[in-house]
Amino acid sequence: MSELDLVGERRAVISGAGQSDIGRRLHRDPLELTLDACLAAIDDAGLTTADIDGISTYPGGMETPPGFSGAGVVEVFDALRLNLNWWTGALELPSQLGAVIDACLAVSAGLATHVLCFRSVFEGSAQGDKGRAAVMPGGGGRGGGAPRTSGFMEWTLPFSAPSAAQWIAMMAMRHFHEYGTTREQLAQIALNARKNAAVNPKAIYTDPMSMDDYLEARMISSPLCLYDCDVPCDGGTAVIVSRVDTVPDLRKPPIQVEAVGTALHGRPSWDQFDDLTTMAVRDAGPQLWSRTELVPTDVQLAEMYDGFSFITMCWLEAMGFCGKGESGPFVEGGERIARDGVLPLNTHGGQLSSGRLHGFGFIHEACVQLWGEAGERQVPGDPEVGVACAGGGPMAGALLLTRRR
Amino acid sequence: MADVPFRILPRITKRNEHFWQGGRDGELRFQRCRACGYYLHPPAVLCPKCHSKDIGIETVSGRAELLTYSVNYQAWMPGPEPPYVLAIVLCAEQDDLRLTTNLVNCDIDAIEIGMPVRVVFEPHIDEEVWIPLFEPAERA
């Protein structure tokens, strides 16, 4: 038995994908958005709710921060009157897409046959006109007494560092220092996203953005400016993970899960991880490539987390699309990562311009592209191999996806 | 320090009091394994290197190196007036003894990664918390 025979995720396919309406502030019931996405994905797979016997979601139901979770397992389970053989909803995972990877393992292990995987948010509506301050600990008029912090935030909040924007800014700054990366290079992640959003009917920001617009935008936490930060939104995304032997029952040829990466070989921490220029994505990428005979040059589209632009730079390096420290020169000018470039990147506009669907937007887009259903933004050349990567800081998960014939 | 800004303060426990209250005596303190000499941060209950539970508290020099930083302009929450500087500093005592902090008493244009810094405490006396911040230091 070769090592690759043990790659259990190959017994999983993605059979359907769906999305709700997406908007900056929809003021709709978040459960409704969640269910819209779930039913769309089930229908896309050619299945019915009676076929669904598993649920996997990130982060599960939670009240705070406001808008972070549109629905947990139990709400969807009950709303659709499902009969489940396996389910999970968890926050401590190798990224948001860890929920999809868990589903792959569940079908591979024979615990479930068709797993509904979803992630929904309503951060746009929850933040209202107060912006992100509305959902920060101690901020946004929650008021009342002097709060105290503990756990992981104990080591950041007392220093007025409540946001991942700030923690990632410090990593970007270190990358700039060690490798000579520039703001003009980093800008390409945001400019590329905006170009792709212009041809995505569900995108949030579609007006053209120039390099000058980027460089003149207000600084958030140097070197990250406003356009390096994703846009909170409302919406839900779902995919169906099915066991490979169900392919004859499905509406269309599904997407094969070729390999996944979940590794973290270092301290699970934003500021204590040994290499301040890579984050956890450093380890998930090589693990993924160890589980397949495909190589980075086989990949025809990359949908990689851009909650903050610098995370995408880390993923470019971690997935072997360029060398360590070389993401700046790789994206310079933007040609390589354009839809007609060698590595079309975040073809839907990413979270930067199409909304912070929080990880699941990337796998949705990878599937839609591999199915050739992306309309005006479809990557040319009939792509067959793509990656979906999510997470940053101390969590990272990646899936290598191929189109089955 | 003349003006002490609002801060969200840590909940003090037996495990972390040495770190947050050492500033009362002007001292930066960390846990240190008595068996193998390894400094621990954030505080833990056993040494991650040798698994000894014989953990003591030790005062360090307060000298450190600036590993990275960010000038924060966004008003996220009540606290220091932006712009203020976030930093990760590496303490002189051990090659992985680091913490997130603020760089203070420093011209933003004069910040350089690798620069030497030293601890300075911001007292929150009524709350019995002393926040360890860092300021530029002379080169050794």
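The rules behind each value
- Residues numbered from 1 in each chain as written.
- Chains lettered and ligands numbered in written order.
- Predicted model: local features only at pLDDT ≥ 70, side-chain atom pairs only at ≥ 80, totals over all residues.
- Core = buried A, V, L, I, M, F, W, Y, C linked by C-beta atoms within 7 Å.
- Buried ≥ 20, exposed ≤ 12 C-beta atoms within 10 Å, placed from the backbone.
- Contact = placed C-beta atoms within 7 Å.
- Helix = DSSP H or I, 4+ residues; strand = E, 2+ residues; numbered from the N terminus.
- Nonpolar A, V, L, I, M, F, W, Y, C, P; charged D, E, K, R; others polar.
- Pairing = 2+ DSSP bridges.
- Axes fitted to C-alpha atoms, helices over the stretch in contact; angles between N-to-C directions.
- Expected span 1.5 Å × (residues − 1).
- Right-handed = clockwise from strand over helix to strand, strands pointing away.

Counting 150 residues, the largest nonpolar core has Val100, Leu116, Val239, Val241, Val387, Leu399 and Leu401 of chain A as its most contacted members. Every residue in contact with Leu116 of chain A, bar those within four places of it in the chain, is listed here: Cys38, Ala41, Ile42, Ile52, Gly54, Ile55, Ala238 and Ile240 of chain A.

A separate point is unusual backbone geometry. A cis amide bond links Tyr58 of chain A with the next residue in sequence, Pro59 of chain A, at an omega value of -5 degrees. With respect to the helices and strands, the residue Pro59 of chain A is situated in the loop between strand S2 (54-57) and helix H2 (73-79). Backbone torsion omega between Pro82 of chain B and Pro83 of chain B reads -5 degrees, so that peptide bond is classified as cis. Turning to its location among the elements, Pro83 of chain B is positioned in the loop between strand S5 (63-72) and strand S6 (84-91). One non-glycine residue, Asn105 of chain B, lies in the positive phi region at around 55 degrees. Residue class for Asn105 of chain B comes out exposed when judged on the 11 C-beta atoms lying within 10 Å of it. In this structure, Glu128 of chain B takes a positive phi of about 60 degrees despite not being glycine. Mapped onto the elements, Glu128 of chain B comes out in the loop between strand S8 (116-124) and strand S9 (129-136).

The next point concerns helix H3 (residues 98-108) of chain A. Counting buried positions over the 11 residues of H3 of chain A gives 10, a clear majority of the element. Those residues of H3 of chain A that sit buried are Gly98, Ala99, Val100, Ile101, Asp102, Ala103, Cys104, Leu105, Ala106 and Val107 of chain A.

Turning our attention to the interface of chain B and chain A. Contacts between chain B and chain A engage 30 residues on the former and 35 residues on the latter. When contributions to the side of chain B that touches chain A are tallied by element, the ones reaching two or more residues are strand S1 (9-10), S5, S6 and strand S7 (98-103) of chain B. Among the elements that take part in the side of chain B that touches chain A, S5 of chain B stands out by supplying six residues, more than any other. Here the side of chain B that touches chain A is composed, by residue class, of 19 nonpolar, eight polar and three charged. In the sheet, strand S5 (residues 148-149) of chain A pairs with S1 of chain B via two bridges, with the strands oriented parallel. Along S1 of chain B, the bridge assignment pairs Arg148 of chain A with Leu9 of chain B.

A separate point is the sheet that holds strand S9 (residues 255-261) of chain A. Residue and element names in this part refer to chain A. Pairing is mixed in the open sheet, where nine strands are placed in the order S3-S2-S4-S8-S1-S9-S12-S11-S10. Each edge of the open sheet is held by one strand with a lone partner, namely strand S3 (86-89) and strand S10 (301-304). When strand polarity is set aside, the average angle formed by the axes of neighbouring strands in this sheet is 25 degrees. Across two bridges, strand S1 (residues 12-19) lies against S9 in antiparallel orientation. Within S9, the residue paired with Ile14 across the bridge is Ile255. Helix H1 (residues 30-44) contacts S1, strand S4 (114-122) and strand S8 (234-243) of the sheet and is inclined by roughly 35 degrees relative to S8.

On to helix H5 (residues 164-179) of chain A, then. For an α-helix, the turn length of 3.6 residues means that residues three or four places apart are oriented alike. Here H5 of chain A contains 16 residues, and its C-alpha end-to-end distance of 22 Å stays within 8% of the 22 Å for a straight helix at 1.5 Å per residue. Taking burial as the measure, the 16 residues of H5 of chain A include 12 buried ones, the bulk of the element. Buried within H5 of chain A we find Ala165, Gln166, Trp167, Ile168, Ala169, Met170, Met171, Ala172, Met173, Arg174, His175 and Phe176 of chain A. Contacts made by the buried residues of H5 of chain A are with helix H6 (183-197), strand S6 (219-221), strand S7 (224-225) and helix H9 (309-318) of chain A together with S5 and S6 of chain B.

All right, on to the sheet that holds strand S3 (residues 39-40) of chain B then. All names here are of chain B. Reading across from one edge, S3-S2-S4 is the order of the three strands in this open sheet, with antiparallel pairing throughout. At either end of the open sheet lies a strand with only one pairing partner, and these are S3 and strand S4 (55-60). Judged from the two bridges that link them, strand S2 (residues 28-33) and S3 form a sheet pairing that is antiparallel. Each bridged residue has a counterpart across the sheet, and for Arg32 the counterpart in S3 is Tyr39.

Turning to the pairing of S3 of chain A, a few remarks are in order. Every other side chain in a regular strand lies on the same face of the sheet, so the side chains alternate between the two faces. All names here are of chain A. Every second residue of S3 is oriented toward a common face, the buried set being Trp87 and Gly89 and the non-buried set Trp86 and Thr88. Bridge count between S2 and S3: four bridges; the pairing is parallel. Note on S3: the bridge partner recorded for Ile55 is Trp87. In this region the chain leaves S2, passes through H2 and returns to the parallel neighbour S3; the handedness of that crossover is right-handed.

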